[in-house]
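Spelled out from the first residue to the last, the chains are:
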Amino acid sequence: MYMNLLRLRRPPRVSFRATSVISALVLLAGAVSPALADSAPLAPQTRIRLTIVQWIPSKGQFERWDGIGGDYTVSDAGVVSLPFLGALSVGNLDNEELTSEIGKRLQAKMGLAQAPAVTIDILDYPSIYVVGDVVAPGEYKFRSGLSVLQSLAMSGGPLRAAALQQSQTIRLAGDLREIDHSLLRSSAKLARLQTEMAGAKEIVFDQPPAAERQYAESLYQEERVIFKARANALDKQSVALAELRNLLTAEIDTLEEKLKGSDDNIQSVEEQLTSVKTLVQKGLTITSRQMDLERLLTTYRSDRLDLVTAIMRGRQAINETTRNLEGLSDTRRSEVASEVQAEKANLDQLKLKRDTTQQLLLEDLSNGANVNSRVEELPLTFLVNRRDKGQVNQFQASETTELAPGDVIRVSRARIADAPPEDAAALPVQTEAHVSQVSR
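If you look the protein up in an unreviewed UniProt entry, it shows as Exopolysaccharide biosynthesis protein from Rhizobium brockwellii.

Have a look at this one:
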């Protein structure tokens, strides 16, 4: 009776396969980022993580498609390049629509009965930029729900002292200089990678600016050394595989010669064994002679089988070496193509960062000329520059306006200055003329 009660109170057992399925579903539910609830399209330069999972009924478990999943960056044209699927335009798609589109394309491409589960996590949004009458204009990390007033707080609030003005100008000039050097390095590396992919023998670099010619020449020389070293490594691999194939061919020739000798020995022993059997039947010789010849014949036949097996293995090794030799160039081209894609994305980011930093430096120099002016403070005004479908739209915002990734917020405070209007109008022209000089 007591044992029956224990059996009734014992909790039901769950199979290991069911437990693994439940765990996988919980993992998928927890992996969805809160950003996926956003209905806004993905902005250019947004970094995303793509995860693709498919349920395999025969195995009773989920399998990840790591060959397609991974980290990707939306290009300035609103395109994500995915393995197997190619270029996918995401300019007008939000997260839910994009995951659905990827699942449908995979289902159609691979002929699946059911589309795989696709999830997208946003790793990093494009930064926002705050310029104008703020303490610390510059680039700031974007987060969902960020407002204009919060961006003003991130940049230190309105106005700034003359000492901060000067240090900010120096910092921006240094940043612009560093970005110019990074652009040169990225352009030189891209030229080398494109030369490798095209199979050319010499790298053709773009003409650098006169002020950066010496620095650019040192970069070009480094890329030439890397180009030559990589080409030599590829040649050495090709030569090594070709030599291995020749060595295996020579080894097979030797084994075939041994096989001929083994066949001759077997034939000779078989002839002797036939003669001895006749003599044994006539009683002219003893049976031990016959037994010795039979053992020798068995040994020769076993050696022959070993030789045949060695020849087959050698031919298999030759086929594998030939495949590796023929696929060596294709493998290298695939690797270089992947590097070219990554370097182009890096170059686009650097160009965007340079344009923004130059605009910040222009604004900083313009504000520096008015630091000592006696002004009457008026309310702040906010102008937001937002990129939409390849165009930049400008609109006036309030403190509660919600920002989007990549926005440029210009903070202005209207002033009544003592200087004549024509002098103030001439300031932007003067600062633009000095930007390159200050950055150097």
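Asks: Looking at this structure, how should I read the overall build of the protein?
Replies: Check the secondary structure of the protein and you find 8 helices and 11 strands. Looking at the protein as a whole, 32% of its 440 residues qualify as buried. Counting only contacts in the protein whose residues sit at least 6 apart along the sequence, the fraction spanning at least 24 positions is 68%. With the model as given, the accessible surface of the protein reaches about 27,100 Å², and the carbon-plus-sulfur share is 53%.

Asks: Any chance you could explain the UniProt feature "coiled-coil region" (unreviewed entry) in the protein here in plain terms?
Replies: UniProt's feature table lists "coiled-coil region" (unreviewed entry) at residues 245-272 and 333-360, given in the numbering used throughout. Helix makes up 100% of residues 245-272 and strand 0%, whereas the separation of the span's terminal C-alpha atoms amounts to 41 Å. Span residues 333-360 is 100% helix and 0% strand, its end C-alpha atoms 40 Å apart.

Asks: What is the right way to read the nonpolar core from this model?
Replies: Within soluble globular proteins, side chains that are nonpolar tend to cluster in buried spots. Judged by nonpolar contacts, the single largest core of 34 residues is most densely connected at Leu50, Leu82, Ile102, Leu403 and Ile409. Counting residues per element, the ones that place at least two in this core are strand E1 (47-56), strand E4 (79-82), helix H3 (95-110), strand E6 (117-124), strand E7 (128-132), helix H4 (148-154), strand E9 (380-388) and strand E11 (408-413). Not counting chain neighbours up to four residues away, the residues in contact with Leu50 comprise Ile68, Gly69, Gly70, Tyr72, Leu82, Ile102, Val118, Thr119 and Ile120. Judged by nonpolar contacts, the second largest core, of 9 residues, contains Ala188, Ile203, Phe205 and Leu219.

Asks: Sorry, what's going on with the side chain of Gln45 here?
Replies: Summarising the element assignment, Gln45 is placed in the loop between helix H2 (16-31) and E1. On the accessibility criterion, Gln45 (11% relative accessible area) is buried. Polar contacts involving the side chain of Gln45 include one to the side chain of Gln349, which spans 3.1 Å. Dropping the residues within four chain positions of it, Gln45 is found in contact with Thr73, Val74, Ser75, Asp76, Asp124, Pro126, Asp348, Gln349 and Leu352.

Asks: Looking at this model, I keep getting lost on the packing of aromatic side chains. Mind explaining?
Replies: Aromatic ring pairs are reported here in terms of the distance separating the ring centres and the angle at which the planes meet. Counting across every chain of the model gives 3 aromatic pairs. The interplanar angle of 10° and the centroid separation of 4.1 Å between the aromatic rings of Phe205 and Tyr220 together place this pair among those described as stacked. Of this pair, Phe205 sits in the loop between helix H5 (162-198) and helix H6 (213-282) while Tyr220 sits in helix H6, placing them 15 residues apart in sequence. By relative accessible area, Phe205 is classed as buried at 15%.

Asks: Would you mind going over the pairing of E11 with me for this structure?
Replies: Regular strands place their side chains on alternate faces of the sheet. As paired strands, E7 and E11 are joined by 4 bridges and run parallel to one another. Following the sheet pairing, Gly132 is matched in E11 by Val411.

Asks: Help me understand H6, please; the structure alone is not making it clear to me.
Replies: Residues separated by three or four positions in an α-helix point in the same direction, a consequence of the helix having 3.6 residues per turn. Taking 1.5 Å per residue, 70 residues should reach 104 Å; H6 reaches 103 Å between its end C-alpha atoms and fits that length. Backbone geometry just downstream of H6 places Gly283 in the positive-phi region, at approximately 80°.

Asks: Please clarify how the pattern of salt bridges should be interpreted in this entry.
Replies: Oppositely charged side chains are able to pair whenever their charged atoms sit close together. In this structure the tally under the stated criterion is 20 salt bridges. The salt bridge involving Glu217 is made with Arg224; its shortest N-O contact spans 3.6 Å. Judged by relative accessible area, which is 42%, Glu217 ranks as partly exposed. For Arg224, a relative accessible area of 27% gives the class partly exposed. The partner of Arg332 in a salt bridge is Glu335, with the nearest N and O atoms 3.9 Å apart. With a gap of 3 residues between them, Arg332 and Glu335 both fall in helix H7 (residues 287-368), about one helical turn apart. You can call Glu335 partly exposed: its relative accessible area is 43%.

Asks: Please explain the confidence of the model for the protein as it appears in this structure.
Replies: Detailed reading of the predicted model is not advised wherever pLDDT is low. Per-residue confidence for the protein gives a mean pLDDT of 78; residues scoring 70 or more make up 80%. Within the model, the stretch residues 1-37 combines pLDDT values under 50 with 21 contacts to residues more than four positions away or in other chains. This model gives residues 417-433 a pLDDT under 50, and the stretch forms 8 contacts once residues within four places in sequence are excluded.

Asks: What exactly am I supposed to notice about H3 here?
Replies: Between its terminal C-alpha atoms H3 stretches 23 Å, which fits the 22 Å expected from 16 residues at 1.5 Å a residue. Along H3, the residues that are buried comprise Asn95, Leu98, Thr99, Ile102, Gly103 and Leu106. One side of H3 carries all its buried residues, which in axial view fall inside an arc of 130°. The outward face of H3, more than 90 degrees from its buried face, is lined by the exposed residues Glu96, Lys104 and Ala108. Residues of H3 that are buried make contact with E1, E4, strand E5 (86-89) and E6. Immediately downstream of H3, the backbone of Gly111 shows phi near 65°, a positive value.

Asks: What is the right way to read the environment of Leu247 from this model?
Replies: Summarising the element assignment, Leu247 is placed in helix H6. As for Leu247 and Gly314, which are separated by 67 residues in sequence, their C-alpha atoms are 9.9 Å apart.

Definitions and cut-offs
Residues numbered from 1 in each chain as written. Predicted model: local features only at pLDDT ≥ 70, side-chain atom pairs only at ≥ 80, totals over all residues. Heavy atoms only, no water. Helix = DSSP H or I, 4+ residues; strand = E, 2+ residues; numbered from the N terminus. Buried < 20%, exposed > 50% of the residue type's maximum accessible area, 1.4 Å probe, protein only. Contact = heavy atoms within 4.5 Å. Areas by Shrake-Rupley, 256 points an atom, 1.4 Å probe, with all protein chains shown as cover. UniProt positions renumbered as here; feature names shortened; annotations may be inferred. Core = buried A, V, L, I, M, F, W, Y, C linked by side-chain atoms within 4.5 Å. Polar contact = N/O pair within 3.5 Å; in protein donor to acceptor, adjacent residues only side chain to side chain. Phe/Tyr/Trp six-rings, centres within 6.5 Å; stacked < 30°, edge-to-face > 60°. Pairing = 2+ DSSP bridges. Expected span 1.5 Å × (residues − 1). Salt bridge = Lys/Arg side-chain N within 4 Å of Asp/Glu carboxyl O. pLDDT = per-residue confidence, 0-100. Arc of directions from axis to C-beta.

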